[in-house]
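Coordinates in review
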Amino acid sequence: MHKFYKMSKANLKKEVSQMSAEQLREIILDAYDAVPEIKQYFEYFINPDEDKLLTDFSEFVKKEFYRSKRHNCKARVLVVKRELKKMQGFGMSYHKFNNALLIVVVHIGIADKFVYLTDAHRKLVDFCIEQLLARADKVGQYSDILKRIDETIIKCDYVTFDIKERCRIAVRNHKEQL
């Protein structure tokens, strides 16, 4: 097996500075073809369409939470979290990233009607709500995000009572910590 060398950012910078413009173009194009994440990043970087990125993310989450076997949800929580982190790395606007977190909670709430969710899936709801509240608290939009949670999740007919209750508890716990 090959042992991969982890290059530091400083070493990468040194190597890149020694390359010609044509070599850099070739490396970027090769990476674009070879690695889907790099392709997605460059597509977003060159033409930043947050709505398309959010739509693609919503489809991804929907597919992930409808993966099931014998009515047991097989959604991979770490994969969803990794996608959230990747979207955050793209530098999405505050409101669009909040929408991504809300999308996760809503899809979990809908999936809860059709498949058995594990404790990890339910904890993902807590994680998303905590992220929303912490982000809102940081920028002084706490009351706005409470209103969005209420409109998007609590008043949604498709989201199960259990998920709505988890959201209420997460909000209550966050308020107590303030």
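The structure contained in this document is the topic of the report that follows. (Residues numbered from 1 in each chain as written. Predicted model: local features only at pLDDT ≥ 70, side-chain atom pairs only at ≥ 80, totals over all residues. Heavy atoms only, no water.)

Side note on the overall build of the protein chain
- Helix and strand counts for the protein chain stand at 9 helices and 2 strands.
- The order of α-helices and β-strands along the protein chain, N terminus first, is α-α-α-α-β-β-α-α-α-α-α.
- Since a compact globule built from 178 residues should have a radius of gyration of about 16 Å, the 20 Å found for the protein chain marks it as more spread out than a globular shape.
- Reported as C-alpha extents along the three principal axes, the dimensions of the protein chain are approximately 60 × 45 × 30 Å.
- When each of the 178 residues of the protein chain is scored for burial, the buried share is 36%.
- Across the protein chain, contacts joining residues at least 24 apart in sequence account for 67% of those joining residues at least 6 apart. (Helix = DSSP H or I, 4+ residues; strand = E, 2+ residues; numbered from the N terminus. Rg over C-alpha atoms; globule rule 2.2 N^0.38 Å. Buried < 20%, exposed > 50% of the residue type's maximum accessible area, 1.4 Å probe, protein only. Contact = heavy atoms within 4.5 Å.)

A closer look at the packing of helix α8 (residues 142-154) against helix α9 (residues 161-177)
- At a minimum axis distance of 10 Å, the contact between α8 and α9 shows a crossing angle of 165°. By the angle class used here, α8 and α9 are roughly antiparallel. Once α8 is placed against α9, the crossing between them reads as left-handed. Side by side, α8 and α9 meet where Tyr142, Leu146, Ile149, Ile153 and Ile154 of the first sit next to Lys164, Cys167, Arg168, Val171, His174 and Lys175 of the second. (Axes fitted to C-alpha atoms, helices over the stretch in contact; angles between N-to-C directions. Parallel < 35°, antiparallel > 145°, perpendicular 65-115°, else oblique. Left-handed = near helix turned anticlockwise from the far one by under 90°.)

What to know about the nonpolar core
- Core analysis: the largest hydrophobic core is formed by 46 residues, its most contacted members being Phe65, Val104, Ile129, Ile149 and Ile153.
- Elements represented by at least two residues in this core include exactly α4 (50-65), α5 (77-89), α6 (94-111), α7 (119-139), α8 and α9.
- Per-element tally for this core: the top contributor is α6, with 12 residues.
- Setting aside its immediate chain neighbours within four residues, Ile153 contacts Leu102, Val105, Val106, Ile129, Arg148, Val159, Lys164 and Cys167. (Core = buried A, V, L, I, M, F, W, Y, C linked by side-chain atoms within 4.5 Å.)

Description of the environment of Asn72
- Inspection of the secondary structure assignment puts Asn72 in strand β2 (residues 72-73).
- With a relative accessible area of 33%, Asn72 lands in the partly exposed category.
- Remark: the alpha-carbon pair of Asn72 and Tyr116, spanning 44 residues in sequence, is separated by 4.7 Å.
- Among residues more than four places away in sequence, those in contact with Asn72 are Arg67, Val115 and Tyr116.

Comments concerning the packing of aromatic side chains
- According to the stated counting rule, one finds 1 aromatic pair in the structure shown.
- Taken together, a centroid distance of 6.4 Å and an interplanar angle of 35° make the contact between Phe57 and Phe60 tilted. Linking Phe57 with Phe60, this pair stays in helix α4, spanning 3 residues, or about one helical turn.
- For Phe57, a relative accessible area of 3% corresponds to the buried category.
- When the ring centre of Phe127 is taken as origin, the NZ or CZ atom of Lys81, which lies over that ring, is 4.4 Å away. (Phe/Tyr/Trp six-rings, centres within 6.5 Å; stacked < 30°, edge-to-face > 60°. Lys NZ or Arg CZ within 6 Å of the ring centre and 35° of its normal.)

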